[in-house]
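Structure assessment
Each chain is listed here by its residues.
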Amino acid sequence: VAQFSFHMQYGEDSKYLKVVSTAKHFADYDLEGNWDIERGNFSANVSIQEQVEYYWPAFRSAIQTAKIHSIMCSYNAVNGMPMCGNNYFMNEIARKQWGFDGFFVSDCGAISDAAFQRYINESFAESNSSMR
């Protein structure tokens, strides 16, 4: 997959991108087909060891080997932090540690789903109440 993505993006002339490969769903998303859990209302409780050994290697490879230009954040939260608002995962890990220089996109409705909105409301409760 890494070689395919790389060559699809760069082709014979690496000055211009032909297409952009997107790695998804970053991160800790494994809910498709699990009908008992609503993906937009779920927080995966994952240790750093599980991140490093299980969830992150595929994304790191996609960034460093395939040179992808887009990452789609997942619907769910990780340890209480919605992935589409997870500064640590997006900037500290993907950008600074792995060298990602592309863009992040959200999955359909991930910014407006219940987990993200609950996080915003709880984190910025004082700000939200003063704006009413």
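Our focus in this paragraph is a nonpolar patch on the surface. Together, Phe 4, Met 8 and Val 19 make up an exposed nonpolar region whose accessible area comes to about 280 Å². By secondary structure assignment, the location of Met 8 is in helix α1 (residues 2-10).

A complete count under the given rule lists 1 salt bridge for this structure. Among the ionic pairs, Glu 92 bridges to Lys 96, the shortest N-O distance being 3.0 Å. Of the two residues, Glu 92 and Lys 96 are both situated in helix α3 (residues 87-97); the distance of 4 residues between them amounts to about one turn of the helix. Residue Lys 96 is classed as exposed on the basis of its relative accessible area of 60%.

Each value, and the rule that gives it
- Residues numbered from 1 in each chain as written.
- Predicted model: local features only at pLDDT ≥ 70, side-chain atom pairs only at ≥ 80, totals over all residues.
- Heavy atoms only, no water.
- Patch = residues over 30% accessible without salt bridge, like charges linked within 9 Å, V, L, I, M, F, W, Y side chains within 5 Å.
- Areas by Shrake-Rupley, 256 points an atom, 1.4 Å probe, with all protein chains shown as cover.
- Salt bridge = Lys/Arg side-chain N within 4 Å of Asp/Glu carboxyl O.
- Helix = DSSP H or I, 4+ residues; strand = E, 2+ residues; numbered from the N terminus.
- Buried < 20%, exposed > 50% of the residue type's maximum accessible area, 1.4 Å probe, protein only.

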